[in-house]
Structures are given as C-alpha cells and as structure tokens.
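Listed here are the chains, written in short residue letters.
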Amino acid sequence: MHTVKIWASTTALCLGLVGAAFAPAALAQKKVVNVYNWSDYIDPKVLEDFTKETGVKVNYDVYDSQEVLEAKLTAGKSGYDVVGPTAQPFLARQVAAGLYQPLDKSKLKNLGNLDPEILKAMASADPNNAHAIPWMWGTNGIGYNVTKVKTIAADAPVYSMKMILDPEVVSKFKACGVMVLDAPTDVFPTVLQYLGLPPDSKSVADLDKATDALLKVRPFIRKFHSSEYINGLANGDICVAFGYSGDIIQASTRAAEAKRGVTVNYSIPSEGAQLWVDTLAIPKSAPNPDLAHAILDHLMKPSVVAASSDLTGYANGNKASTALVSEAVRSNPGIYPPAEVRARLFTITPADKEFERARTRAWTRVKTGR
C-alpha cells in the first residue's frame, strides 16, 4: 500500500551477490529466488545478508499497484517465488481463486515471532493464515504541513476527515494544495466511515452517498495520485493529503532532512481508519518453493524485519521485532497506534464483480468531477 510504496514502474532490481558461505544442499541446487513486491519495502541489506548466508541470489522486481500484481498472478506462471499482496481485498480474492500454495509451516521456524493481533486481522482474508505471512501494516489518514495549515486555519481539525470531506474546511486549503489517493478501495471505505455508514458496505445506495460526498469536495482537490503526495508534502508543494501512513511519515522524514522549514505530521482520523496489512505469499506456480520458504523464514527474523520498518516508517507484523525497531519509529503513535486508537481501525472484504463495476464507475465520476 508501503520511502516506502513509492509506486515505481515495474523495474528489475537484482539485489545481492552470490556469497561464499556454504549453502545447504536444498538451496544450492537453485541459486536464484524471485521476489515481486513494492519498491523500497525490504531493506536491501537484509537481502544481501540472505545471499551471504545461503549462496542464493535475490531478484527483486517491483510493481506500482496491486492490480498489476493480480493481473500477473491471474495470467499464470508469473515466474515469481514470493509476492506481496495486500490482505484485503486482494489476498482474500486471490486465495479464493487458488493462486497461492499453502505454506509448509514446518519450514518456517520463525513463525512464532509473528504478532497474533495482526494474524487475526489477516485471517478474514486467509483463513487459518494458511497461505501468507504479514510483512508491514499501517493505516490510511491525513498528512499535513503543520505551518501552512496553522497559518490558514489555526483551529483546523487535523485529526478528523473533515480536513478532506467537509467542504467548508477543505476549501480553505485549495490554494496551498490538497491531494488524495487514487485508490477507490482505500478512499470509499473511509468516506463511508466518516458518514456514519458501514465502511465495508457493499450497498450501491451507500456507495452513491459516498460518491456525492466526494463530489462536493472535488473542486478543492488538486489531484488524485498514489505517490506524488509524498514529495508534494516534503517539498511544501501541497499542504494536505489523504494517504498511507508510511508514505506520509516518509514525507515527514524527507522534509526534516531537507532543512527547508517544512514540518509534516500524520494523523489517524478520529472517526476511525482503515487498517491494511501487506503480506508475503508463494504463488501456486512458483518455480522454487523451497527457496521461497527459505527467504520467508529469513524475513521473519526480528532483526531483519526491524531494519525494514526503520527503512519504511511502517509498523510490522513481527511482535518479536518491536524492541529492535528504532525508538523514533516504535514510539510514533501514527505508526504504532495505542490500543484505544487501534480499537477504531477497520478492515474491508472483497466485493463481487457487480459492485466492483459500480465502484469503478463511481470513482471515474469522482475523478472527473461529473
């Protein structure tokens, strides 16, 4: 969803050199494991360490949306051993379609490190957590330029979706720039929650209400895009965005490093926020399933996943790693929200084809403003 999740064009990144370390016989037969995931989502050093430990090179390719991954998997024989689907609705739909191998948990000695709460959140997509392990998780919320927002409206409701969905509020920030994710499965549930409707509603009548709410604020939204808001916030080119927690925190980090007087904050909406979990799974057609299990086990080491949380600014699904995550990340309530905030988080489930078509039409209306 995941700088993290800088939605790059599909590019081949070959990470890791064949190490001199002795490789177990099972791994030595196959020297390459192919991973397909978001860009900048795994610390490159941990992949290099895997190569040094096993003698297996990691080919790391990246995609720019979950839809791209789904199309590749649906076509069959993707050539990948490990991929990174988001639990809802993508993993759920893909598990139901039989696109993944069940995990051989006897080969995953680090399974015990995983967070039971996150596994429970995933179980609605993957019953009994049979096909995937959690990687990173986060929320969808509000990023804002502290100085610009305060200057324009000292009492701006920065902890509420009013910042995006109340015409009287968001209109104040039109001139300094408002951006929203180009992602209907992330935007509509949040709008429904704000309206007091079930965020996972599959009612076309509810969808129409959410569409109407978005059309009322459409004149004040500069752009719908799922990555440009990161640099936009960091550079001070926009002042408000609705986006992914890790992306906005990355924008905050970039702004601080640039030392140009830009301060970016992230808030989880008080009305509640969508919780998403990005996972790692083995496609049914994976050419090297043994290597897939080997790298999954490596990625469940607490030190490995902690390094990636520090890189991305996302919470991870590995409870044993929390103490190893940097203080700046693990103590940030926008990344690791307290229990009372987590209680207001929600997840969504897949929709049928008819509702998906209705949602696609509605999103086109919102983006075009008609």
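Residues numbered from 1 in each chain as written. Predicted model: local features only at pLDDT ≥ 70, side-chain atom pairs only at ≥ 80, totals over all residues. Heavy atoms only, no water.

J.: I'd like to hear about the state of the cysteines, residue by residue, with values.
T.: Inspection of the entire model under this criterion finds one disulfide. With its sulfur 1.8 Å from that of its partner, Cys 176 forms a disulfide with Cys 239. Taking the torsion about the S-S bond as the criterion, the Cys 176 to Cys 239 disulfide, at about 45°, is right-handed. Placement of Cys 176 in the loop between α8 (167-170) and β6 (178-180) and of Cys 239 in the loop between α11 (228-235) and β8 (240-244) is noted, with a sequence separation of 63 residues between them. (Disulfide = S-S within 2.5 Å. Helix = DSSP H or I, 4+ residues; strand = E, 2+ residues; numbered from the N terminus.)

J.: For the nonpolar core, give the residues involved together with the corresponding values.
T.: Met 163, Phe 173, Tyr 229, Val 240, Ile 295 and Leu 299 are the most contacted members of the largest nonpolar core, which totals 119 residues. Looking at which element gives the most residues to this core, the answer is strand β5 (residues 132-145), with seven residues. Look past the residues within four positions of Val 240 in its chain and what remains in contact with it is Ile 142, Gly 143, Tyr 144, Val 149, Met 163, Ile 164, Phe 173, Gly 177, Val 178, Met 179 and Leu 233. (Core = buried A, V, L, I, M, F, W, Y, C linked by side-chain atoms within 4.5 Å. Buried < 20%, exposed > 50% of the residue type's maximum accessible area, 1.4 Å probe, protein only. Contact = heavy atoms within 4.5 Å.)

J.: Mind laying out the packing of aromatic side chains, listing which residues take part and the relevant values?
T.: Counted by the stated rule, this structure contains nine aromatic pairs. For the ring pair Tyr 41 and Tyr 314, a centre distance of 6.0 Å and an interplane angle of 85° mean the geometry is edge-to-face. Note that Tyr 41 is positioned in the loop between β2 (32-37) and α2 (44-54) and Tyr 314 in the loop between α14 (302-312) and β11 (315-316), a separation of 273 residues in sequence. Taking the relative accessible area as the measure of exposure, Tyr 41 reaches 1% and is therefore buried. Among the aromatic side chains, those forming a connected cluster through ring pairs are Tyr 36, Trp 38, Tyr 63 and Tyr 80. (Phe/Tyr/Trp six-rings, centres within 6.5 Å; stacked < 30°, edge-to-face > 60°.)

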